[in-house]
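Remarks on the overall topology
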2 protein chains.
Amino acid sequence: MNASEFRKRGKDMVDYVADYLEQIESRQVFPDVEPGYLRPLIPDSAPEEGETYEEIIKDVERVIMPGVTHWHSPYFFAYFPTGSSYPALLADMLCGAIGCIGFSWASSPACTELETVMLDWLGKMIGLPEQFLAGNKGEGGGVIQGTASEATLMALLAARTKVTRRLQAENPKLTEAEIVSRMVAYSSDQAHSSVERAGLISGVRMKKIPSDENFVARGQALKKALEEDKAEGLIPIFFCATLGTTNSCAFDNLLELGPVCNAENIWMHIDAAYAGSAFICPEFRYLMKGIEFADSFNFNPHKWLLVNFDCSTFWVKKRSDLIGAFKMDPVYLQYDQQESGLVTDYRHWQIPLGRRFRSLKLWFVFRIYGVKGLQVHIRKHVGLAHEFLECVKKDDQFEICAPVILGLVCFRLKGSNELNKALLQKINNSKKIHIVPCCLGDTFVLRFAVCARTVESSHIQFAWKHIKELTTELLNNEEQQKARN
Amino acid sequence: MNASEFRKRGKDMVDYVADYLEQIESRQVFPDVEPGYLRPLIPDSAPEEGETYEEIIKDVERVIMPGVTHWHSPYFFAYFPTGSSYPALLADMLCGAIGCIGFSWASSPACTELETVMLDWLGKMIGLPEQFLAGNKGEGGGVIQGTASEATLMALLAARTKVTRRLQAENPKLTEAEIVSRMVAYSSDQAHSSVERAGLISGVRMKKIPSDENFVARGQALKKALEEDKAEGLIPIFFCATLGTTNSCAFDNLLELGPVCNAENIWMHIDAAYAGSAFICPEFRYLMKGIEFADSFNFNPHKWLLVNFDCSTFWVKKRSDLIGAFKMDPVYLQYDQQESGLVTDYRHWQIPLGRRFRSLKLWFVFRIYGVKGLQVHIRKHVGLAHEFLECVKKDDQFEICAPVILGLVCFRLKGSNELNKALLQKINNSKKIHIVPCCLGDTFVLRFAVCARTVESSHIQFAWKHIKELTTELLNNEEQQKARN
């Protein structure tokens, strides 16, 4: 395919993309396919001779679309939102064309420098303390990671290295393995599974501290764990606080936890993967009070800030902590300016070596929407979640399971977990809307997350009416079965 | 920006992309900017009100392009190639539009299933032993990772977990920390820096075994290291072989190393990041002889197979080894079919949770080019490297520093390292072509890698003529300086 064919096919693809997104409501949100559906639909092996573009694009509708879960459908209320917007799609096209690999400043200066400045812009947009910004002379700064999982892992690894070096400086006879075997890191029992996984990867024991009745991690619980563990000779190094848990969008109490971490010299990382985007609205910033105690902070503009996946923004107060953990400089990556102290080599900030020009997406989205436009988007979603909340609250059959603060409503039918599992299955089998469950303690709960950029009140009302109808059906069936027995 | 504006802007962007790539030769391959150039060119913070698309696209030429290292310029001979082609760009547009997050089968069945089948297609294209393929009933299978760094890390983590479990089964009193502290993993001294980094991340001691005079890791050297380490009570768990090293594109001797690894029950991972793409040509498959001894294999279609970054393909013989290492199933990620044994949940195969629909790029590229078209691309690059090799060989001032097998030529001016550093600086300061150096042993060497999709003989000839001219200038200056002293 040459440039002139690309001009034609690219424009066709732009229309295909616009059609797909404009008409996404007409597609069933969750697919009908069974596991293994795709393999029989295409050949066993790649073609020897090239095929035409027409053949491929025909197969997109025949092979791909029947198996897609449509995350951008306004009937998708599962997991958390994943960002998408036209400016972000345009920026990604440009990113693909430039196709640079930005592992060092020299490998494409614009790729590194725009990222540093965009992370400063975004930090200011959410009211991040200045220590986290790079500015011209700051010791902090931000970087785009692929996902929050990677950000948590990087923070934990930085903490592990920092403590190891400190203890080895005090006692040079200690081996790294001895130190690490005594280390312990913490999160709340509501933290995302990736936090536990970061512990597994890094070999650092990860403990869960119990959250309170609102699923919030509190200072006392952390303090208790620390004291017990220190008494047993363990070395606490890290606490991962969550702002906006995946289960119920609970906010850990930073004002209590932060001073504990600081007093004990423990790295405090904040995972605000979903909720972080809301902090562009001043009225939600009370939820991040205490952030000044943290060493690192992360959220995912690719969730709720209209930026396509992947773009997880991660800031540290001291970039030397991060860089120091893994700096390696083979000759093939060295260049003239690198020791000037003026450049950033983002490869030291992340697990992979290679990286795309992802800051273009931030730049396009911030400029086309403006801060105000993005605030409108966040506020609309929060409003719609509260609209759904009001529907549930008005209905005696249902109960609300956790405080509704942003765009997530945790609710359930009053009654057994089995009843709620049956309702969930009915909802997802009908495939008119899509939601996923969670467990809060031992309670099986339905999660209703406002997701799509284009979701409106009418979709919320449809979803609620639909859930109500399925509930009535379910309860009628249960009644009939009871009557029969 | 609504769909109708996106239709217009998207088509403009398609033309911008086509123009950029068609006219890339006219742009200086390496930028003139100094560190910190970008910040003063744009505002301090994001705009409150949205801006127009025109303002942004104007800034792409004003702010971004002056700071871009043009990896797809035919005058770019640095690092290794990074893939780019029109079909891949089209597929990425579609990937962005669908915008699903494919962490589980249910989160978008097409995303998981196309990936499994594409990895089978690609495995067949390069003649991978059947054990690595998923097929309908296989125990192996492939996955797309972001980068080779992540693939190496996953393989090492799987080996670490496997050995830990085996030893704990034999002796339940052993703690994980005790076992890991005695573990040791190996690579050649020519392996990529990311291998050493995987050791740092996982806490497994990583040792480098010396390569031979052709920079090849040999069986005897590994055997010697193993015996010494076992005698000291260490537990060897992992060897990372490289096919096509970054320094000189050397190929470790799998036929010697493989049996040693198998006999010692050590996980053998193969990193063929760059060279793997060449195996689509039967005449290069002799370079992968012995692959049947490996437990896992990885290469980067995003390097040399015309697929845009990121797309690093990774196969394992036993997917249970990989999945077993980190399986976590919070309720919010569970769904009906997951225990059927029929589905793949790729989140267990990788470090991050989220993932894009990257297999679309493979599908589009394989079908538009066909295997034959891709073979033409590989063979052209290998041919051009040999054309450059012949130029160097004919010139008595220069020497070749390592065997030239694929698309990389390691060469230098006969003389001191300082002289070669001066030549490199002259080349990169002139900015007509761009190359990077490496060290082979203590010798400073210039790496000439054939990179761009559109590079032709004329560019190779230009590059050589240019290098010759700068060499003459350099040597004349040296003479004059000597005469002066």
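Residues numbered from 1 in each chain as written. Chains lettered and ligands numbered in written order. Predicted model: local features only at pLDDT ≥ 70, side-chain atom pairs only at ≥ 80, totals over all residues. Heavy atoms only, no water.

**Brief notes about the overall build of chain A**
Helix and strand counts for chain A stand at 14 helices and eleven strands. On C-alpha atoms alone, chain A measures out to a radius of gyration of 25 Å, which is about the 23 Å that the 2.2 N^0.38 rule sets for 485 residues. By principal-axis analysis of the C-alpha atoms, chain A measures approximately 75 × 65 × 45 Å. Here chain A, with 485 residues, has 65% of them falling under the buried criterion. With 54 positive and 59 negative side-chain charges, chain A shows a spacing of 3 Å between the two charge centroids. (Helix = DSSP H or I, 4+ residues; strand = E, 2+ residues; numbered from the N terminus. Rg over C-alpha atoms; globule rule 2.2 N^0.38 Å. Buried < 20%, exposed > 50% of the residue type's maximum accessible area, 1.4 Å probe, protein only. Lys, Arg positive; Asp, Glu negative; His and termini not counted. Charge placed at Lys NZ, Arg CZ, Asp CG, Glu CD.)

**As for the sheet that holds strand S8 (residues 398-400) of chain B**
Residues and elements named next belong to chain B. In space, the four strands of this open sheet follow the order S8-S9-S11-S10, with antiparallel pairing throughout. Looking at strand neighbours, the two that pair on one side only are S8 and strand S10 (436-440), the edges of this open sheet. Averaged over all adjacent pairs, the angle separating strand axes in this sheet is 40 degrees, with direction ignored. Lying over the sheet, helix H13 (residues 417-430) contacts S8, strand S9 (408-413), S10 and strand S11 (443-449), oriented at roughly 30 degrees with respect to S11. (Pairing = 2+ DSSP bridges. Axes fitted to C-alpha atoms, helices over the stretch in contact; angles between N-to-C directions. Contact = heavy atoms within 4.5 Å.)

**Examining the nonpolar core**
Among the nonpolar cores identified, the biggest contains 328 residues, and A:Ile64, B:Ile64 and B:Phe297 are the most heavily contacted of them. Ignoring any residue separated from it by four or fewer positions in sequence, one finds A:Ile64 in contact with A:Tyr37, A:Leu38, A:Asp59, B:Ile98, B:Ala110, B:Leu114, B:Phe357, B:Leu360 and B:Trp363. Residues A:Val143, A:Leu157, A:Trp267 and B:Ala191 belong to the second largest nonpolar core, which totals 70 residues. (Core = buried A, V, L, I, M, F, W, Y, C linked by side-chain atoms within 4.5 Å.)

**Quick look at the interface of chain B and chain A**
Size of an interface: often given as the accessible area lost when the parts come together. With 145 residues of chain B at the contact, the number on the chain A side is 145 residues. At the boundary of chain B with chain A, total buried surface from both sides reaches about 12,700 Å², with 67% on carbon and sulfur atoms. Of all residues in chain B, the largest losses of buried area upon contact with chain A belong to B:Arg39, B:Tyr332 and B:Arg367, amounting jointly to 7% of the total for that side. Counting the contacts that link chain B with chain A gives 18 salt bridges. (Buried area = accessible area lost by both parts, 1.4 Å probe. Salt bridge = Lys/Arg side-chain N within 4 Å of Asp/Glu carboxyl O.)

**Overview of the sheet that holds strand S4 (residues 235-242) of chain B**
Residue and element names in this part refer to chain B. Strand order in the open sheet formed by seven strands is S1-S7-S6-S5-S4-S2-S3, and the pairing between neighbours is mixed. Two strands close off the open sheet at either side, each with one partner strand: strand S1 (141-145) and strand S3 (205-209). Direction aside, the axes of adjacent strands within the sheet are offset by 20 degrees on average. Sheet topology note: the strand S2 (residues 183-188)/S3 ladder contains five bridges and is parallel.

**Re the relation of the copies chain B and chain A**
The transformation that overlays chain B on chain A combines an axial shift of 0.0 Å with a rotation of 180 degrees, and the residual RMSD is 0.0 Å. Interpreted geometrically, this transformation is the action of a two-fold axis. (Least-squares fit on C-alpha atoms with pLDDT ≥ 70 in both.)

**Details of the UniProt feature "modified residue: N6-(pyridoxal phosphate)lysine" (unreviewed entry) in chain A**
Residues and elements named next belong to chain A. Following the UniProt record, the feature "modified residue: N6-(pyridoxal phosphate)lysine" (unreviewed entry) maps to Lys303 here. As for its position among the elements, Lys303 is in helix H10 (residues 301-304). Among all residues touching Lys303, those that are not within four sequence positions of it are Phe80, Pro81, Thr82, Gly83, Ala273 and Tyr274. (UniProt positions renumbered as here; feature names shortened; annotations may be inferred.)

**Concerning the packing of aromatic side chains**
Residues and elements named next belong to chain A. Applying the stated rule across the entire model yields 41 aromatic pairs over all chains. Judged by centre distance (4.2 Å) and plane angle (20 degrees), the rings of Phe77 and Phe448 are stacked. Of this pair, Phe77 sits in the loop between helix H2 (53-64) and helix H3 (86-98) while Phe448 sits in strand S11 (residues 443-449); the two residues are 371 residues apart in sequence, bridging distant segments of the chain. A residue is classified by how much of its surface remains accessible, and Phe77, at 0% relative accessible area, is buried. For Phe448, a relative accessible area of 0% translates into the label buried. A ring pair is formed by Phe80 and Tyr274, whose centres lie 4.0 Å apart and whose planes are at 5 degrees; its orientation type is stacked. (Phe/Tyr/Trp six-rings, centres within 6.5 Å; stacked < 30°, edge-to-face > 60°.)

**Re the confidence of the model for chain A**
Averaged over chain A, the pLDDT score is 95; the fraction of residues at 70 or greater is 99%. Interface predicted TM-score (ipTM) for the complex: 0.96; the corresponding pTM is 0.96. (pLDDT = per-residue confidence, 0-100.)

**A word on helix H4 (residues 109-125) of chain B**
Residue and element names in this part refer to chain B. Taking 1.5 Å per residue as the helical rise, H4 with its 17 residues ought to reach 24 Å, and the 24 Å between its terminal C-alpha atoms agrees with that figure. Of all 17 residues in H4, 16 are buried, a share of seventy percent or more. Gly127 sits one or two residues past H4 and shows a positive phi near 70 degrees. (Expected span 1.5 Å × (residues − 1).)

**Let's talk about the domain arrangement of chain A**
Residues and elements named next belong to chain A. As far as domains go, chain A holds domain 1 (3-73), domain 2 (100-356) and domain 3 (373-484). The distance between the C-alpha centroids of domain 2 and domain 3 comes to 33 Å. At the interface, 23 residues of domain 2 touch 21 residues of domain 3. Between domain 2 and domain 3, roughly 1,800 Å² of surface is buried when both sides are summed, and carbon and sulfur atoms account for 71% of that area. When the buried surface of domain 2 facing domain 3 is broken down by residue, Asn247, Trp304 and Leu306 rank first, second and third, together holding 32% of it. Linking domain 2 with domain 3 are one salt bridge. Its salt-bridge partner being Glu283, residue Arg379 comes within 2.6 Å of it at the nearest N-O pair. (Domains from an automatic or database assignment.)

**Considerations on the pairing of S2(B)**
Across a regular strand the side chains alternate sides, sitting on one face of the sheet and then on the other. All names here are of chain B. For S2, the tally of buried residues reaches six of six residues, placing the bulk of the element in the interior. Burial along S2 is two-sided: the face carrying Met183, Ala185 and Ser187 and the face carrying Val184, Tyr186 and Ser188 are both buried. As judged from the five bridges shared by S2 and S4, these two strands associate in the parallel manner. The partner of Val184 across the bridge, within S4, is Pro236. Handedness of the crossover joining S2 and S3 through helix H7 (residues 193-202): right-handed. (Right-handed = clockwise from strand over helix to strand, strands pointing away.)

**Here's the deal with the pattern of salt bridges**
Opposite charge on two side chains allows them to pair when their charged atoms are near. What the rule picks out here adds up to 68 salt bridges over all chains. For B:Arg7, the salt bridge identified is with A:Asp15, shortest N-O distance 3.1 Å. Taken together, the residues B:Arg7 in helix H1 (residues 3-22) and A:Asp15 in helix H1 (residues 3-22) connect one chain to another. Under the relative-accessibility criterion, B:Arg7 is labelled buried at 18%. Between B:Arg358 and B:Asp310 there is a salt bridge, with its nearest N and O atoms 2.9 Å apart. Of this pair, B:Arg358 sits in the loop between helix H11 (319-326) and helix H12 (359-393) while B:Asp310 sits in the loop between helix H10 (301-304) and strand S7 (312-316), and the two are 48 residues apart along the sequence. Overall, B:Asp310 belongs to the buried group, its relative accessible area being 7%.

**A look at helix H2 (residues 53-64) of chain B**
Between the first and last C-alpha of H2(B) there are 15 Å, a value that for twelve residues agrees with the 16 Å anticipated at 1.5 Å per step. Of the surrounding secondary structure, the elements contacted by the buried residues of H2(B) are H3, helix H4 (109-125) and helix H12 (359-393) of chain A together with H1 of chain B.

**Things to note about the packing of H3(A) against H12(A)**
All names here are of chain A. Where H3 contacts H12, the axes come no closer than 8 Å and their chain directions differ by 150 degrees. When the interaxial angle is binned, H3 and H12 end up roughly antiparallel. Judged by the twist between their axes, the crossing of H3 over H12 is right-handed. Every residue of H12 that contacts H3 at Pro87, Ala88, Leu90, Ala91, Asp92, Leu94, Cys95 and Ile98 is listed here: Leu360, Lys361, Phe364, Val365, Ile368 and Tyr369. Within the contact of H3 with H12, the residues separate by chemical class into twelve nonpolar, no polar and two charged. (Parallel < 35°, antiparallel > 145°, perpendicular 65-115°, else oblique. Left-handed = near helix turned anticlockwise from the far one by under 90°. Nonpolar A, V, L, I, M, F, W, Y, C, P; charged D, E, K, R; others polar.)

**Observations regarding the state of the cysteines**
Tallied over the full model, the rule gives zero disulfides over all chains. Unpaired in this structure, A:Cys410 has its nearest cysteine sulfur neighbour in A:Cys438, at a distance of 4.5 Å. A residue is classified by how much of its surface remains accessible, and A:Cys410, at 2% relative accessible area, is buried. This cysteine, B:Cys261, is not joined by any disulfide, and B:Cys240 carries the nearest cysteine sulfur, 10 Å off. (Disulfide = S-S within 2.5 Å.)

**Examining unusual backbone geometry**
Note that the residue after A:Phe309, namely A:Asp310, is joined by a cis bond; omega there is 5 degrees. Positive phi is not limited to glycine here, since B:Phe215 has a value of about 70 degrees. Phi is positive for B:Cys249, which is not a glycine, with a value near 55 degrees. Of note, B:Cys249 is situated in the loop between S4 and helix H9 (254-264). B:Cys249 gets classed as buried once you look at its relative accessible area, which sits at 2%.

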